[in-house]
Amino acid sequence: MKLVVQVKLLPTPEQAAALEATLRAVNDAATWVSQLAHDRRVFRNYDLRRHVYGQVKDRYGLAAQAAQHVIKKVADAYTTLHANLRNGHLGRPGSVRRERVLARPIVFRPGAAQPFDDRCLSWQLNARTVSIWTTGGRMKGVAFTASADQLTLLAAHRKGESDLVCRDGRWFLIATCDLPDVPVRAPDGFVGVDLGIANIANIATTATATATGTGTGTGTGDGVRHSGKTLNAVRHRHRELRRRLQAKATKSAKRLLRKRRRKEARFAADINHTIARRIVTEAARTGRGIALEDLQGIRDRVRLRKPQRVTLHAWSFHQLGHFIAYKAARAGVALVWVDPAYTSQACSACGHVAKNNRPDQETFACTSCGFAEHADVNAARNIAARGETGWAVSHAA
Ligand SMILES: [Zn+2]
């Protein structure tokens, strides 16, 4: 499985200037190549290279590998763009949006990510430094910070290219690690994860299929609600600030807005990582598998509700699902995606499905058998039960 490790660079002011000049040069070059590709309708890496390789090197002072990476980056960007056009993500044929996209070449920001291969970038993990090619020559001893976990991963599994990127004046290297697949252990029961889409105060609720015989003594996490209170408080603060900044439409206000948005995204990602780690660690410790709501289903369900809130939060739930999935894969924990339809209305005790099983947002009270439970816990139990069924079906033979 592939895993991304992001480390923060700590360049000296001189080093930062050299990195900035380099990133600007490769992205200027990419924009120039992109213009040419657009004008001449040449998009494939091989064809583009024949047209522009020599010029890219000379005009922008790039080394051979850097020039090749620039050309490939442009070709890849157009491949993605064309795929998006084909799939209708950029509007219908003839629509204003689509025509606007088609009329202009792709432009690369000065700080856009640039891939560096092992010939342009080497890692000195013990010293926590890298040596990197710049337009001013090879630059040694650029310091970076990394956790012990990240260093272990980098030492054992880093493979291929790393991306250099500048965000809000901070420098990062994003390395890809290729880990061997961990065999999935046969699960002893499942824990279901109910994502708090309707009730975002609880980002995720976990529970096993039945309350009896689990969750006793050591607090094994049956019916645990992972709170999003701090996240919501931060979001609220950000929203207030955003409103004030949007009122002034100055350039610096816009820049500050962008910065805020990224900060909020980083904060949400941190929380998602923590929740995902807790859920997977608990599942691994108890030998259970994890049942997750199918993400496509989440999108559909969310779309039916308040559309504005969706754009704000939907990606965050996708991210949480994604984090849980890859942490589970790393730990050899079984993972089953389940259909989330009616998990909130169905009784986890008797299976009775009715809208009025939910007298309010928080409560589940079965109108057939009288079973009562917190609504999110009941939903998580249903998801766990579906996970067990799904696993049994797929491993029947
Ligand atoms: Zn019931």
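Throughout what follows, the structure given in this document is the object of discussion. (Residues numbered from 1 in each chain as written. Predicted model: local features only at pLDDT ≥ 70, side-chain atom pairs only at ≥ 80, totals over all residues. Heavy atoms only, no water.)

### What about the pairing of strand 3 (residues 121–124)?
Residues in a regular strand project their side chains so that they alternate between the two faces of the sheet.
Then, number 1: Covered by surrounding structure in strand 3 are Leu121 and Trp123 only, the residues Ser122 and Gln124 on the alternate face being uncovered.
Then, number 2: Sheet topology places strand 3 next to strand 4 (residues 129–134); four bridges connect them, and they run antiparallel. When the sheet's bridge partners are listed, Gln124 is paired in strand 4 with Thr129.
Then, number 3: The loop that links strand 3 with its antiparallel partner strand 4 comprises four residues; one of these, Arg128, has a positive phi angle of about 55°. (Buried < 20%, exposed > 50% of the residue type's maximum accessible area, 1.4 Å probe, protein only. Helix = DSSP H or I, 4+ residues; strand = E, 2+ residues; numbered from the N terminus. Pairing = 2+ DSSP bridges.)

### Looking at unusual backbone geometry
Then, number 1: Its identity is not glycine, yet Arg128 carries a phi of approximately 55°, on the positive side.
Then, number 2: You can call Arg128 partly exposed: its relative accessible area is 33%.
Then, number 3: At Tyr342, a position not held by glycine, the phi torsion is positive, near 65°.
Then, number 4: Relative to the assigned elements, Tyr342 resides in the loop between strand 12 (335–338) and strand 13 (363–365).

### Some points on the pairing of strand 6 (residues 158–167)
Then, number 1: Taken together, the three bridges between strand 2 (residues 114–116) and strand 6 define a ladder with antiparallel strand orientation. Each residue of the ladder has a partner; that of Gln114, found in strand 6, is Leu164.
Then, number 2: The loop that links strand 6 with its antiparallel partner strand 7 (residues 170–178) comprises two residues; one of these, Asp168, has a positive phi angle of about 50°.

### Examining the packing of aromatic side chains
Then, number 1: In the structure shown here, the tally under the stated rule is five aromatic pairs.
Then, number 2: Seen in terms of ring centroids, Trp32 and Tyr60 are 6.2 Å apart; in terms of plane orientation they differ by 50°. Their pairing is tilted. One end of the pair, Trp32, is in helix 1 (residues 13–40); the other, Tyr60, is in helix 2 (residues 45–60), with 28 residues separating them in the sequence.
Then, number 3: You can call Trp32 buried: its relative accessible area is 17%.
Then, number 4: An angle of 45° between the planes, with centres 4.8 Å apart, marks the rings of Phe43 and Tyr78 as tilted. Of this pair, Phe43 sits in the loop between helix 1 and helix 2 while Tyr78 sits in helix 3 (residues 64–86), and the two are 35 residues apart along the sequence. The same class applies to Phe43 as to Tyr78, namely buried. (Phe/Tyr/Trp six-rings, centres within 6.5 Å; stacked < 30°, edge-to-face > 60°.)

### Observations regarding the environment of Val280
Then, number 1: Inspection of the secondary structure puts Val280 in helix 7 (residues 251–286).
Then, number 2: Each C-alpha atom of the pair Val280 and Phe323 lies 9.6 Å from the other, and the pair is 43 residues apart in sequence.
Then, number 3: Excluding anything up to four places from it in sequence, Val280 contacts Ile290, Ile324, Lys327, Ala328, Ala331 and Val333. (Contact = heavy atoms within 4.5 Å.)

### Remarks on the coordination of the zinc ion
Then, number 1: In this structure, Cys347 (SG), Cys350 (SG), Cys366 (SG) and Cys369 (SG) serve as the protein donors to the zinc ion, at separations of 2.3 Å.
Then, number 2: What the four donor atoms of the zinc ion show is an angle range of 106 to 113° at the metal, which sorts the shape as tetrahedral.
Then, number 3: Mapping the donors of the zinc ion onto the primary sequence gives the spacing C-x2-C-x15-C-x2-C. With a gap of 19 residues between them, Cys350 in the loop between strand 12 and strand 13 and Cys369 in the loop between strand 13 and strand 14 (372–374) connect regions that are remote in the sequence. (Donors = N, O, S within 2.8 Å, 3.2 Å for Na, K, Ca; no water. Tetrahedral: all angles 85-135°; square planar, octahedral: opposite > 155°, others 65-115°.)

### Focus: the environment of Gly196
Then, number 1: With respect to the helices and strands, the residue Gly196 is situated in the loop between strand 8 (190–195) and strand 9 (202–208).
Then, number 2: Residue class for Gly196 comes out buried when judged on its relative accessible area of 3%.
Then, number 3: In sequence terms Gly196 and Arg225 are 29 residues apart; their C-alpha atoms lie 9.4 Å from each other.

### Some remarks on the nonpolar core
Note that soluble globular proteins tend to have their nonpolar side chains buried in a common cluster.
Then, number 1: The biggest cluster of nonpolar side chains holds 75 residues, and the ones touching the most others in it are Leu9, Leu62, Trp123, Leu164, Ile290 and Ile324.
Then, number 2: With eleven residues, the single largest contributor to this core is helix 1.
Then, number 3: The residues contacting Ile324, other than those within four sequence positions of it, are Val193, Ala276, Ile279, Val280, Ile290, Leu292 and Leu335.
Then, number 4: Residues Phe190, Ala291, Val336 and Val338 belong to the second largest nonpolar core, which totals seven residues. (Core = buried A, V, L, I, M, F, W, Y, C linked by side-chain atoms within 4.5 Å.)

### Examining the packing of helix 1 against helix 2
Then, number 1: Between helix 1 and helix 2, the shortest axis-to-axis distance is 11 Å and the interhelical angle comes to 145°. By crossing handedness, the relation of helix 1 to helix 2 is classed as right-handed. Contacts between helix 1 and helix 2 involve Ala25, Asp28, Ala29, Trp32, Val33, Leu36, Ala37 and Arg40 from the first element and Leu48, His51, Val52, Gln55, Val56, Arg59 and Tyr60 from the second. (Axes fitted to C-alpha atoms, helices over the stretch in contact; angles between N-to-C directions. Left-handed = near helix turned anticlockwise from the far one by under 90°.)

### Digging into the sheet that holds strand 3
Then, number 1: Across the sheet, seven strands lie side by side as 2-6-7-1-5-4-3; this open sheet has antiparallel pairing. With one partner strand each, in any of the chains shown, strand 2 and strand 3 form the two edges of the open sheet. With direction set aside, neighbouring strand axes in the sheet form an average angle of 35°.
Then, number 2: Packing against the sheet, helix 3 makes contact with strand 2, strand 4 and strand 6, and its axis sits at approximately 135° to strand 2.

### Some details on helix 7
Then, number 1: Compared with the 52 Å implied by 1.5 Å per residue over 36 residues, the 53 Å span of helix 7 between its first and last C-alpha is a close match.
Then, number 2: By the burial criterion, the buried members of helix 7 are Ala253, Leu257, Glu264, Ala268, Ala269, Ile271, Asn272, Ile275, Ala276, Ile279, Val280 and Ala283.
Then, number 3: Phi for Gly287, located one or two positions after helix 7, is positive at around 75°. (Expected span 1.5 Å × (residues − 1).)

Just distances and angles here, no functional claims.
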